[in-house]
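Observations on the three-dimensional arrangement
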Amino acid sequence: MSEASTSIAKRSARHRPAPLTRSIRLRDHAAIARLGIVSVLLGVVEIAVWQEWISPLFVSRPTEVLRVIAAGLVDGTYPALAGRTLFAVTAAFVAATVVGGTGGYLLWRYPKFGAAYEPALLALFSSPIVLAYPVFLVVFRRNPIIVVLLGFLAGVLPITILTRKAIAAVPRVYGDVASVLRLTRRQELRQVMLPAAMPGIASGLRLGLIYTLLNVLAVEFVTGLGGLGAEISNAYALLRAPRMYAALAFTQIISVAFVYAVDRLERSVKTGRSRE
Amino acid sequence: MSSLQAPLARAGTRVRVVWGMHAIRIVTLLGLLSLWQWLSTFTDRFGEVVPGVQRIGAALVQLMSSADTYGHAAVTGKELGLGLAIGLTFALPAGLTLALVPSIRYVCEPLVIYAGAIPKIVLYPIFVWFLGIGLESKVGMATASVAFPVLVQTAGAAWSIRPIFRDVARILHMRPLQRFRYVYLPSMLPDVYTGIRLGIATGIIGTLLAETKASNEGLGFLMTHYYSTFRVPEMYAVLLLIFMVATLVAFSMDRLDRRIRQRRGSPRNAGVAL
């Protein structure tokens, strides 16, 4: 009896796929299905434009868009545009991290000010800052610094708010231990508070980075200054559909890669913390 | 007597803290206004790029008393309202399907999330080409801006259904509609509402940005009209008005969100709770 049950168990174990293999297979199937959906959609558009069911003046064939992207990559147009956009994002994000991180820490360090300014910060965060671009155009004229400044403003608010929240959420006992060990204020910040608050700070940085990217692209589009967003705007103004769709597709690819990388980075920070 | 003194002392401390916070806010506001006024006089020689506080205030009063402003505000409101209605009609059922049918969710969720990785305003040319420069393209823009956060948040709301609720529904042999009505919907409501709140916020931005890009009416158009005719105080006044309305809407929606979550006892998502 026991022999029979053992053999049944062995057989079922042999036939039942291991959970990891099953999840990988499921992931593969889902990826294939996604690829299928995107391919079918692009195929439908290709045929619809080719047969002129949709005017080629307004929609370009996906193969034509691919050709424009390939040409743009070869002659260096798209790398240069992407470089300009990513430079603006980097400059804005670095400034937002320095100002927002310091601001968040100071607002935690001086709780009266933190409590007093919190509603104003939240109000500013929920207000459509990007709409202030005409003000910047008036002050700075048509200078690409506007793109960086508005990107900075979009990023600095979530970073400040979430840094303050993350440090405030560190258990009080950590601070008590630091004072028992007679750590200086700088040592306490570097060796106790910052590592403990890192997952929350990472969430703020992620949110700040994504807001910076979205605002930089939006400001580039509405002002016609800078990289990829400006290219979409210029192609639209000149009624060059293939160029516009190519710039849109390239922007989408860059944004997806960017968001994916940021998500992976945040996850690795949080996984690293939980392993510790 | 001592039992009375302790709460009184606590109340006194609370009053001092509240007054301290108000004092900080008032001093900061006065400081910012003085800085603005100083900048205004300092930049006067470069042209009127930073008008004085009184001039902006006067422009705001004039703007608020003009019937024309309310006409533009009504157009923006109409575009946003229609966009909201169409966006919700599409995004809520689509989000619920994503949330409740695991196979569709597994396949489509990354597509939806990554489709939302670009600012919707860059899609505006497509709306203009297909729907023209009038109201329709702005409604399309508002629809796209509203639909994405609602869709993503509704799809993500499936995580807020506690497994024990699903088990109880199964044990009670509830029919699919009963499960949806009595188990899934109440559990998902706070997250769905958060999606609607975010959708309205992004809808406001999408509509107004579209109006600034290519339009002939609406508050966004009014702002760019003042910009292009270099009527700077009026431009600041429109911007101030937009900020005040947007912040008011965001705060009232946030309060309602808080109330719904308190009633349901569900925690707020850190990213969304900002």
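Residues numbered from 1 in each chain as written. Chains lettered and ligands numbered in written order. Predicted model: local features only at pLDDT ≥ 70, side-chain atom pairs only at ≥ 80, totals over all residues. Heavy atoms only, no water.

Quick look at unusual backbone geometry
Residues and elements named next belong to chain A. In this structure, Leu239 is a non-glycine residue whose phi angle is positive, near 60 degrees. Here Leu239 is to be found in the loop between α10 (228-237) and α11 (241-275). For Leu239, a relative accessible area of 41% translates into the label partly exposed. (Helix = DSSP H or I, 4+ residues; strand = E, 2+ residues; numbered from the N terminus. Buried < 20%, exposed > 50% of the residue type's maximum accessible area, 1.4 Å probe, protein only.)

Observations regarding the pattern of salt bridges
Under the definition given, this model contains 9 salt bridges over all chains. Measuring nitrogen to oxygen at the nearest pair gives 2.7 Å for the salt bridge that ties Asp263(A) to Arg206(A). Here Asp263(A) is found in helix α11, whereas its partner Arg206(A) is found in helix α9 (residues 185-223), with 57 residues between them in sequence. Overall, Arg206(A) belongs to the partly exposed group, its relative accessible area being 24%. Salt-bridge contacts for Arg170(B) lead to Asp167(B); the nearest nitrogen and oxygen are separated by 3.0 Å. (Salt bridge = Lys/Arg side-chain N within 4 Å of Asp/Glu carboxyl O.)

Details of the interface of chain B and chain A
Often, the extent of an interface is quoted as the loss of accessible area upon association of its parts. Counting residues at the interface gives 49 residues for chain B, matched by 60 residues for chain A. Across the chain B/chain A interface, buried area totals approximately 4,900 Å², and carbon plus sulfur atoms make up 79% of it. Applying the counting criterion to the chain B and chain A interface returns 0 salt bridges. The interface formed by chain B and chain A holds 9 residue pairs in polar contact (both at pLDDT 80 or more) in total. Elements represented by at least two residues in the side of chain B that touches chain A include exactly α1 (2-42), α4 (102-115), α5 (124-131), α8 (176-213), α9 (219-228) and α10 (232-264) of chain B. Broken down by element, the side of chain B that touches chain A gets its largest block of residues, 10 residues, from α10(B). (Contact = heavy atoms within 4.5 Å. Buried area = accessible area lost by both parts, 1.4 Å probe. Polar contact = N/O pair within 3.5 Å; in protein donor to acceptor, adjacent residues only side chain to side chain.)

Quick look at the packing of helix α3 (residues 67-100) of chain B against α4(B)
Pairs of packed helices are described in terms of their axes, by the angle between the two and the distance that separates them. All names here are of chain B. Contact pair α3 / α4: the axes reach a minimum separation of 6 Å and the direction vectors enclose 120 degrees. In terms of orientation, α3 and α4 fall into the oblique class. From α3, Thr97, Leu98, Ala99 and Leu100 reach across to α4, where they touch Pro102, Ile104, Arg105, Cys108, Glu109 and Val112. Residue composition of the contact of α3 with α4, by class: 7 nonpolar, 1 polar and 2 charged. (Axes fitted to C-alpha atoms, helices over the stretch in contact; angles between N-to-C directions. Parallel < 35°, antiparallel > 145°, perpendicular 65-115°, else oblique. Nonpolar A, V, L, I, M, F, W, Y, C, P; charged D, E, K, R; others polar.)

Brief notes about the packing of aromatic side chains
Tallied over the entire structure, the rule returns 10 aromatic pairs over all chains. Here Phe113(A) and Tyr117(A) contribute two aromatic rings whose centre-to-centre distance is 6.0 Å and whose plane-to-plane angle is 50 degrees, an arrangement assigned as tilted. Of the two residues, Phe113(A) and Tyr117(A) are both situated in helix α5 (residues 111-126); the distance of 4 residues between them amounts to about one turn of the helix. Residue Phe113(A) is classed as partly exposed on the basis of its relative accessible area, which comes to 38%. Assessed through its relative accessible area of 25%, Tyr117(A) is described here as partly exposed. Aromatic pair Tyr245(A) and Trp129(B): ring centres 6.4 Å apart, planes at 55 degrees, arrangement tilted. Taken together, the residues span two chains, with Tyr245(A) in helix α11 and Trp129(B) in helix α5. Ring pairs connect the aromatic residues Phe58(A), Tyr236(A), Tyr245(A), Trp129(B) and Phe130(B), which therefore count as one cluster. Directly above the aromatic system of Tyr110(A) lies the positively charged group of Arg109(A), at a separation of 5.5 Å from the ring centroid. A cation over a ring is seen here: Lys213(B) above Phe221(A), with NZ or CZ 4.8 Å from the ring centre. (Phe/Tyr/Trp six-rings, centres within 6.5 Å; stacked < 30°, edge-to-face > 60°. Lys NZ or Arg CZ within 6 Å of the ring centre and 35° of its normal.)

Some thoughts on the environment of Leu219(B)
Residues and elements named next belong to chain B. If you trace the backbone, Leu219 turns up in helix α9. For the pair formed by Leu219 and Asp254, sequence separation is 35 residues and the distance between their alpha carbons is 24 Å. Once residues within four sequence positions are removed from consideration, Leu219 is found in contact with Thr69, His72, Ala73, Thr76, Leu208, Glu211, Val238 and Ile242.

Some remarks on the side chain of Glu79(B)
Positionally, Glu79(B) belongs in helix α3. Apart from the residues within four sequence positions on either side, Glu79(B) is in contact with Leu135(B), Lys138(B), Val139(B), Ala142(B), Thr207(B) and Glu211(B).

Quick word on the confidence of the model for chain B
All names here are of chain B. Of all residues in chain B, 93% attain a pLDDT of 70 or more, and the chain-wide mean is 85. Of all secondary-structure elements in chain B, the lowest mean pLDDT belongs to α1, at 80, while α3 reaches the highest, 92. A low-confidence stretch, residues 270-274 stays under pLDDT 50, and its non-local contacts, those more than four residues away or across chains, total 14 contacts. Interface confidence in the predicted complex, given as ipTM, is 0.81; pTM for the same model is 0.83. (pLDDT = per-residue confidence, 0-100.)

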